[in-house]
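# Survey of secondary and tertiary structure
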Amino acid sequence: MSRTALDLWVGIFVAIGFAALVFLAMKVGNFSGINGSESYRVEAAFDNIGGLKVRAPVKSAGVLVGRVQGVRFDTESYRAVVQLDIDRRFEFPADTSASILTSGLLGEQYVGLDAGADVEPLKDGDRVMITQSAVVLEKLIGQFLFDKAAEPTAQ
(Lines give C-alpha, C1' and ligand atoms only; values in the text may rest on other atoms or scores of the structure.)
Protein backbone atom coordinates (compact mmCIF):
# COMPACT_ATOMS: atom_id res chain seq x y z
CA MET A 1 0.00 0.00 0.00
CA SER A 2 1.43 3.36 -0.97
CA ARG A 3 1.99 6.20 1.45
CA THR A 4 -0.78 8.28 -0.18
CA ALA A 5 -3.38 5.52 0.18
CA LEU A 6 -2.38 4.96 3.79
CA ASP A 7 -2.72 8.69 4.55
CA LEU A 8 -6.14 8.71 2.88
CA TRP A 9 -7.41 5.83 5.02
CA VAL A 10 -6.06 7.41 8.21
CA GLY A 11 -7.82 10.64 7.29
CA ILE A 12 -11.11 8.81 6.67
CA PHE A 13 -10.94 7.04 10.05
CA VAL A 14 -10.06 10.28 11.85
CA ALA A 15 -13.07 11.98 10.22
CA ILE A 16 -15.37 9.10 11.27
CA GLY A 17 -14.00 9.30 14.83
CA PHE A 18 -14.58 13.05 14.94
CA ALA A 19 -18.15 12.61 13.66
CA ALA A 20 -18.77 9.96 16.34
CA LEU A 21 -17.53 12.33 19.07
CA VAL A 22 -19.80 15.12 17.81
CA PHE A 23 -22.75 12.69 17.80
CA LEU A 24 -22.02 11.60 21.38
CA ALA A 25 -21.65 15.21 22.54
CA MET A 26 -25.06 16.04 21.02
CA LYS A 27 -26.64 13.04 22.77
CA VAL A 28 -25.13 13.93 26.14
CA GLY A 29 -26.05 17.61 25.77
CA ASN A 30 -29.71 16.81 24.93
CA PHE A 31 -29.38 18.51 21.54
CA SER A 32 -30.40 15.41 19.62
CA GLY A 33 -34.06 16.07 20.44
CA ILE A 34 -34.15 19.02 18.07
CA ASN A 35 -36.21 17.61 15.26
CA GLY A 36 -38.29 20.63 14.31
CA SER A 37 -41.53 19.06 15.50
CA GLU A 38 -44.41 21.31 16.46
CA SER A 39 -44.82 22.08 20.14
CA TYR A 40 -46.88 24.26 22.43
CA ARG A 41 -45.55 26.24 25.37
CA VAL A 42 -47.02 26.24 28.87
CA GLU A 43 -45.71 27.72 32.10
CA ALA A 44 -45.54 26.38 35.64
CA ALA A 45 -44.55 28.31 38.78
CA PHE A 46 -42.51 26.55 41.47
CA ASP A 47 -41.30 27.63 44.92
CA ASN A 48 -37.97 25.88 44.35
CA ILE A 49 -36.63 24.35 41.13
CA GLY A 50 -33.47 22.88 42.67
CA GLY A 51 -30.95 22.22 39.89
CA LEU A 52 -33.42 22.18 36.99
CA LYS A 53 -31.78 23.43 33.81
CA VAL A 54 -32.88 24.60 30.41
CA ARG A 55 -33.26 21.66 27.95
CA ALA A 56 -34.08 19.29 30.85
CA PRO A 57 -36.60 16.61 29.88
CA VAL A 58 -40.33 16.88 30.48
CA LYS A 59 -41.72 13.39 31.05
CA SER A 60 -45.10 11.83 31.64
CA ALA A 61 -45.31 8.18 32.70
CA GLY A 62 -41.59 7.89 31.90
CA VAL A 63 -42.05 9.02 28.28
CA LEU A 64 -40.26 12.11 26.96
CA VAL A 65 -43.01 14.56 25.95
CA GLY A 66 -41.06 17.82 25.84
CA ARG A 67 -38.20 19.96 27.10
CA VAL A 68 -37.72 22.87 29.50
CA GLN A 69 -37.46 25.93 27.28
CA GLY A 70 -36.62 28.55 29.88
CA VAL A 71 -36.52 29.48 33.56
CA ARG A 72 -37.16 32.94 34.97
CA PHE A 73 -37.80 34.52 38.35
CA ASP A 74 -41.15 36.25 38.87
CA THR A 75 -40.51 39.33 41.02
CA GLU A 76 -44.20 39.71 41.92
CA SER A 77 -44.80 36.24 43.35
CA TYR A 78 -41.13 35.47 44.17
CA ARG A 79 -41.40 32.10 42.45
CA ALA A 80 -39.49 30.45 39.62
CA VAL A 81 -41.49 30.22 36.39
CA VAL A 82 -40.53 27.34 34.14
CA GLN A 83 -41.48 27.41 30.45
CA LEU A 84 -42.22 23.95 29.05
CA ASP A 85 -42.27 23.10 25.34
CA ILE A 86 -44.55 20.07 24.92
CA ASP A 87 -44.77 18.14 21.67
CA ARG A 88 -48.14 18.67 19.92
CA ARG A 89 -48.58 14.90 19.67
CA PHE A 90 -49.18 14.85 23.43
CA GLU A 91 -52.31 16.62 24.66
CA PHE A 92 -52.73 17.08 28.41
CA PRO A 93 -55.85 18.11 30.36
CA ALA A 94 -56.03 21.65 31.77
CA ASP A 95 -55.79 20.35 35.36
CA THR A 96 -52.46 18.59 34.76
CA SER A 97 -49.98 18.80 37.64
CA ALA A 98 -46.22 19.34 37.29
CA SER A 99 -43.52 18.12 39.66
CA ILE A 100 -39.76 18.51 39.65
CA LEU A 101 -38.30 15.04 40.04
CA THR A 102 -34.81 13.55 40.15
CA SER A 103 -33.54 10.62 38.09
CA GLY A 104 -32.15 8.13 40.59
CA LEU A 105 -30.78 9.24 43.93
CA LEU A 106 -28.60 12.14 42.80
CA GLY A 107 -29.26 12.24 39.05
CA GLU A 108 -30.44 15.01 36.77
CA GLN A 109 -33.67 16.81 37.51
CA TYR A 110 -36.62 16.83 35.15
CA VAL A 111 -40.26 17.93 35.09
CA GLY A 112 -42.86 15.20 35.51
CA LEU A 113 -46.42 15.79 34.28
CA ASP A 114 -49.40 13.96 35.77
CA ALA A 115 -52.57 14.24 33.74
CA GLY A 116 -55.78 15.32 35.42
CA ALA A 117 -59.37 14.57 34.43
CA ASP A 118 -60.50 17.85 32.84
CA VAL A 119 -62.04 17.68 29.37
CA GLU A 120 -60.39 20.94 28.28
CA PRO A 121 -56.81 20.48 27.05
CA LEU A 122 -53.81 22.67 27.83
CA LYS A 123 -53.28 25.25 25.09
CA ASP A 124 -50.32 27.34 24.00
CA GLY A 125 -49.66 30.00 26.66
CA ASP A 126 -51.61 28.27 29.47
CA ARG A 127 -50.28 27.91 33.00
CA VAL A 128 -50.09 24.68 34.98
CA MET A 129 -51.68 25.60 38.30
CA ILE A 130 -50.86 22.51 40.39
CA THR A 131 -47.11 22.22 41.00
CA GLN A 132 -44.78 20.44 43.39
CA SER A 133 -41.32 21.89 43.93
CA ALA A 134 -38.03 20.01 43.96
CA VAL A 135 -36.94 18.18 47.08
CA VAL A 136 -33.73 19.82 48.23
CA LEU A 137 -31.60 17.36 50.17
CA GLU A 138 -30.04 20.04 52.41
CA LYS A 139 -33.48 21.34 53.40
CA LEU A 140 -34.71 17.83 54.16
CA ILE A 141 -31.69 17.07 56.36
CA GLY A 142 -32.09 20.42 58.13
CA GLN A 143 -35.75 19.70 58.89
CA PHE A 144 -34.84 16.28 60.28
CA LEU A 145 -32.15 17.77 62.53
CA PHE A 146 -34.45 20.51 63.85
CA ASP A 147 -37.20 17.97 64.54
CA LYS A 148 -34.74 15.79 66.46
CA ALA A 149 -33.46 18.79 68.42
CA ALA A 150 -37.01 19.77 69.38
CA GLU A 151 -37.83 16.34 70.85
CA PRO A 152 -37.70 16.16 74.66
CA THR A 153 -34.83 14.14 76.02
CA ALA A 154 -35.57 11.08 78.16
CA GLN A 155 -33.92 11.17 81.56
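Refer to the structure above for everything that follows.
Report on the accompanying structure. (Residues numbered from 1 in each chain as written. Predicted model: local features only at pLDDT ≥ 70, side-chain atom pairs only at ≥ 80, totals over all residues. Heavy atoms only, no water.)

Turning next to unusual backbone geometry. Of note in the backbone geometry, Ala 61 takes a positive phi value of approximately 55° without being a glycine. Locating Ala 61 in the fold gives a position in the loop between strand E2 (57-60) and strand E3 (63-74). In this structure, Tyr 78 is a non-glycine residue whose phi angle is positive, near 55°. Summarising the element assignment, Tyr 78 is placed in the loop between E3 and strand E4 (79-87). (Helix = DSSP H or I, 4+ residues; strand = E, 2+ residues; numbered from the N terminus.)

All right, on to the packing of aromatic side chains then. Inspection of the entire model under this criterion finds two aromatic pairs. Judged by centre distance (6.2 Å) and plane angle (35°), the ring pair of Trp 9 and Phe 13 falls under tilted. Placement of both Trp 9 and Phe 13 in helix H1 (residues 3-28) is noted, with a separation of four residues, approximately one turn of the helix. Residue Phe 13 is classed as exposed on the basis of its relative accessible area of 57%. Between Phe 73 and Tyr 78, the ring centres sit 6.2 Å apart and the planes meet at 55°, which makes this aromatic pair tilted. Summarising the burial analysis for this pair, Phe 73 and Tyr 78 share the class exposed. Over the ring of Tyr 110 we find Lys 59; its NZ or CZ atom is 5.1 Å from the centre of that ring. (Phe/Tyr/Trp six-rings, centres within 6.5 Å; stacked < 30°, edge-to-face > 60°. Buried < 20%, exposed > 50% of the residue type's maximum accessible area, 1.4 Å probe, protein only. Lys NZ or Arg CZ within 6 Å of the ring centre and 35° of its normal.)

With that settled, the discussion passes to the environment of Gly 116. Within the secondary structure, Gly 116 sits in the loop between strand E6 (109-114) and strand E7 (127-128). The exposure class assigned to Gly 116 is partly exposed, which follows from its relative accessible area of 31%. As a C-alpha pair, Gly 116 and Ser 97 span 19 residues in sequence and 7.1 Å in three-dimensional space. Setting aside anything within four residues of it in sequence, one finds Gly 116 in contact with Pro 93, Asp 95 and Thr 96. (Contact = heavy atoms within 4.5 Å.)

Here the focus is the nonpolar core. Of all hydrophobic cores here, the largest spans 22 residues; its most connected members are Leu 52, Val 68, Leu 84, Val 111 and Leu 113. Elements that contribute at least two residues to this core include exactly strand E1 (39-46), E3, E4, strand E5 (97-102) and E6. Beyond its immediate chain neighbours, meaning those up to four positions away, Val 111 contacts Leu 52, Pro 57, Val 58, Lys 59, Val 68, Leu 84, Ala 98 and Ser 99. (Core = buried A, V, L, I, M, F, W, Y, C linked by side-chain atoms within 4.5 Å.)

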